[in-house]
Amino acid sequence: MATKKTVSICCFLVLVLAAMPAMGAEPAADPSFREYIDIVFENNDLEMAALILINEKNLPVNDVIGKARDMGFGFTRIIDALIDTNLTCEEVMIAALLNNAPPAALFDSKKISDDYDYTPELILEFVVKELRFMIRDEEERGEEDYNLDTRNTNIEVILRVCKSMMDDKNFSPFEVMSILCRAEAGNPLIAAAAERFDVPPAVTFKACPRHAEYGHAYISKELPHSAYYVIGVDHMTIDDDAGKRAGIISPMTP
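The rules we used
Residues numbered from 1 in each chain as written. Predicted model: local features only at pLDDT ≥ 70, side-chain atom pairs only at ≥ 80, totals over all residues. Heavy atoms only, no water. Core = buried A, V, L, I, M, F, W, Y, C linked by side-chain atoms within 4.5 Å. Buried < 20%, exposed > 50% of the residue type's maximum accessible area, 1.4 Å probe, protein only. Helix = DSSP H or I, 4+ residues; strand = E, 2+ residues; numbered from the N terminus. Contact = heavy atoms within 4.5 Å. Polar contact = N/O pair within 3.5 Å; in protein donor to acceptor, adjacent residues only side chain to side chain. Axes fitted to C-alpha atoms, helices over the stretch in contact; angles between N-to-C directions. Parallel < 35°, antiparallel > 145°, perpendicular 65-115°, else oblique. Left-handed = near helix turned anticlockwise from the far one by under 90°. Nonpolar A, V, L, I, M, F, W, Y, C, P; charged D, E, K, R; others polar. Disulfide = S-S within 2.5 Å. Phe/Tyr/Trp six-rings, centres within 6.5 Å; stacked < 30°, edge-to-face > 60°. Lys NZ or Arg CZ within 6 Å of the ring centre and 35° of its normal.

Among the nonpolar cores identified, the biggest contains 66 residues, and Phe41, Leu82, Ile112, Leu124, Ile158 and Leu180 are the most heavily contacted of them. It is helix H11 (residues 148-168) that contributes the most residues to this core, 8 residues altogether. The contact partners of Leu124, leaving out residues within four places of it in the chain, are Ile158, Val161, Cys162, Met165, Val176, Ile179 and Leu180.

Before going further, it helps to spend a moment on the side chain of Lys67. Tracing the chain through its elements places Lys67 in helix H4 (residues 61-70). Engagement of the side chain of Lys67 in a polar contact is seen with the side chain of Asp38, the distance being 2.9 Å.

A few words on the packing of helix H9 (residues 120-130) against helix H12 (residues 173-182). Each packed pair of helices is defined by two parameters, the angle between the axes and the distance between the axes. H12 packs onto H9 with a crossing angle of 45° between their chain directions and a minimal axis gap of 9 Å. Taken together, the axes of H9 and H12 lie oblique to each other. The way H9 lies across H12 gives a crossing that is right-handed. Of H12, the residues touching H9 (which contributes Glu121, Leu124, Glu125 and Val128) are Val176, Ile179, Leu180 and Arg182. By residue class, the composition of the contact of H9 with H12 is 5 nonpolar, no polar and 3 charged.

Glancing now at the state of the cysteines. Following the criterion strictly, the structure yields 1 disulfide and no others. Across the disulfide from Cys181 sits Cys208; the S-S distance is 2.2 Å. As the torsion about the S-S bond is roughly 65°, the Cys181-Cys208 disulfide counts as right-handed. Here Cys181, found in helix H12, pairs with Cys208, found in the loop between helix H14 (201-207) and helix H15 (211-214); they are 27 residues apart in sequence, far enough to count as distant. The two residues Cys181 and Cys208 agree in class, both being buried.

Turning next to the packing of aromatic side chains. The full count for this structure, using the stated rule, is 1 aromatic pair. Of note, Lys206 hangs over the ring of Phe174, and the distance from its end group to the ring centre comes to 5.1 Å.

Here it is in structure tokens:
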């Protein structure tokens, strides 16, 4: 009986020892999401890495932009590389701006300007229409905004484009305000731009006359700057002469 027990124990130990390598051997772990991006960038140039990660693997463009920036690539080259993927030019522009690309990088991209015919004016118009945080009626009614963070982020992106147009492309405040109006920017956005860039009310109204319908109506005594247009409506002013047509200039009269 003892011999049988000994044989049984020996057989068990042999089986355990035989099984140990298999039990201890961990299956090779797949590279993590970020490790995979690292490997692709290490083994390819930027343009090929973008094609692999976006077209073949459908990875988030934000992560591709982040990795490219970590590796020291400039935004204009990143933008051009992404445009060569199956992303649209418009998707690339928005993704770049939301990832803190300077608007000048879009202006300098030959693919955006030459291949897709986007001028700075058209870029601003597109960005305004794409990043509208509420329709104008909702803005003017002052309804509660449940997306305040998105709203503020979008406003800042648009204002950065405006500032770059003035600083880098020599657009005047009047030209920028006119483009905002043409893109049907809401009055809160137009007001934010006027405040940020210290645009005189008269210039704002000249660039976007409909803004006066919703904003403050100025008379000549209130305007802090020389006016191109003085816009007023009798019942909206507090001038002593209100109602007597004195000092009130028609919006159609310069």
